[in-house]
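Observations on the model geometry
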2 protein chains.
Amino acid sequence: MSKSAAEVNQLKHAPAVERVMPEVLQRWSPRSFSDREVSTLDLRTIFEAVRWAASSFNEQPWRFLVGRRGDPTYKKIFESLGEFNQAWAGSAPVLILDATRTRFSRNESPNPVALYDLGAAAATLCYEATHIGLFTHQMAGYDRDVARKLFEIPEEFLLGAVIALGHQGEPSELTQEYMREQEISPRQRKPLSEFVLSSWGTPADLK
Amino acid sequence: MSKSAAEVNQLKHAPAVERVMPEVLQRWSPRSFSDREVSTLDLRTIFEAVRWAASSFNEQPWRFLVGRRGDPTYKKIFESLGEFNQAWAGSAPVLILDATRTRFSRNESPNPVALYDLGAAAATLCYEATHIGLFTHQMAGYDRDVARKLFEIPEEFLLGAVIALGHQGEPSELTQEYMREQEISPRQRKPLSEFVLSSWGTPADLK
């Protein structure tokens, strides 16, 4: 990562949280997006990052349907969203629907980590977006049957999430108070002891 | 990300691949790991990053069983690996098994993106490891029934992957020629046109 010796040394002695990648610490999911378009170069950059995500047997099972405001892809993705998400997601200049192939292409056997690898590819998308100054908000709240029909997605593909992508907007423009409040509250997470384990139910010793 | 104006400008005009995060470009999955241990601070850093991954309804459905060479967790994870992976993975100082809760804790309804969110958390783990100079190799090739039994993992959890974690080793120490060759071949990926779409089967226009 071509760091100077001083930087490496600094990283070595910093506490854990200060050693975490800025893209991970700064990523969050807004509901307010500005009018500003996402450039084609930005989109290409984000998917260039996705390309290099890891996958079982290098299957790269992921597919991304990318809609830009006003085009038919965008309209279909928006139409499949739940009412709650439609209330804000229309402000995003880009909506993306992701899906994954549940069988390996080399022998058509089931891929038990198809959805896992799709989630990894989508996370890569979100971190790269953060890296170039953009914001993402993933949604599981949409009608998978509607989306599948509108896009004629074959049965062997499993649908993942819808991702809103754009530049950050003004929280005050959100129509619902709940959303305006959420937009400015700090992110909350479980402590490590709840999910880093040495046996089931026992936290790993990370002291 | 506290970049200077010059850096921002440089990023703005670089071609797509040069704007991709170094952690994404430099991550790859070795099979040779060195003897060097992974420090507790490094482990804590990696899971501090995982903590901040995104998840549906902020469920954070992920769990990670972390084994360090010589401890019972490591032995159980290793025992569940397939023969092919046992041939190399024992050189990694850390083995991790991940799993995800398939129901939302707030109402016990099914979580359709539990495995997707686990994959995102695991990708976060791998990028953060790369960020601090470590290497990871995820494996889907292990016996899920054996792992579930050895760790008494409850039914409502779905098992994801095993992750080998450590410092890079010497490819020449790998016992199989196929593995030694793989270790030095360049990574291959599909072009964007195969997975970034405007409608099913039609590449999105990213020119």
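Within any chain, residue numbers begin from 1 and follow the written order of that chain's sequence. To label them, take the chains in the order written and letter them from A, then take the ligands in the order written and number them from 1. Totals for whole chains, interfaces and linings use every residue, but because this is a predicted model, local features are given only for residues with pLDDT of at least 70 and side-chain atom pairs only at 80 or more, for both listing and counting.

1. Thoughts on the confidence of the model for chain A
Looking at any residue, its pLDDT shows the predictor's confidence there, from 0 to 100. Averaged over every residue, the pLDDT of chain A is 93; the share at 70 or more is 94%. Here the complex is predicted with pTM 0.93, and the ipTM for its interfaces comes to 0.93.

2. With respect to the interface of chain B and chain A
Facing 70 residues of chain B, the contacting portion of chain A comprises 70 residues. At the level of elements, α2 (22-26), α3 (40-51), β1 (62-68), α6 (114-131), β4 (157-166) and β5 (196-199) of chain B are the ones that each hand at least two residues to the side of chain B that touches chain A. Numbering of helices and strands starts at the N terminus; helices are DSSP runs of H or I of at least 4 residues and strands are runs of E of at least 2. Among the elements that take part in the side of chain B that touches chain A, α6(B) stands out by supplying 13 residues, more than any other. Note on residue classes: Ala, Val, Leu, Ile, Met, Phe, Trp, Tyr, Cys and Pro are nonpolar, Asp, Glu, Lys and Arg are charged, and everything else, Gly too, is polar. Taken together, the residues that form the side of chain B that touches chain A break down as 42 nonpolar, 16 polar and 12 charged. For every residue pair, C-beta atoms are placed from the backbone, and the pair is scored as a contact if these atoms sit within 7 Å.

3. Structural notes on the sheet that holds β1(B)
Here a strand pair is declared whenever DSSP counts at least two bridges between the two strands. Strands sit in the order β6(A)-β5(A)-β1(B)-β2(B)-β4(B)-β3(B) across an open sheet of six strands; the sheet is mixed. The outermost strands of the open sheet, each flanked by one partner alone, are β6 (202-203) of chain A together with β3 (135-139) of chain B. For strand β5 (residues 196-199) of chain A and β1(B), the ladder comprises two bridges, and the chain directions are parallel. Pairing of Val196(A) across the sheet is with Phe64(B), part of β1(B). Where helix α7 (residues 144-151) of chain B meets the sheet, it contacts β5 of chain A together with β1, β2 (94-101) and β4 of chain B, and its direction lies at approximately 90° from that of β4(B). Only the stretch in contact is used when a helix axis is fitted, and all axes are lines through C-alpha atoms; the angle between N-to-C directions ranges over 0 to 180 degrees.

4. Considering the pairing of strand β4 (residues 157-166) of chain A
All names here are of chain A. Extensive coverage of β4 is indicated by the burial of 10 of its 10 residues. Of the pairings in the sheet, the one linking strand β2 (residues 94-101) to β4 comprises seven bridges and is antiparallel in character. By the bridge assignment for β4, Leu 95 is matched with Ala 164. Inspection of the sheet shows strand β3 (residues 135-139) paired to β4 by five bridges, in the antiparallel sense. Residue Phe 135 lies in a different strand from β4, and its bridge partner there is Gly 166. Residues are called buried when their C-beta atom has 20 or more other C-beta atoms within 10 Å, exposed when it has 12 or fewer, and partly exposed otherwise; all C-beta atoms are positioned from the backbone.

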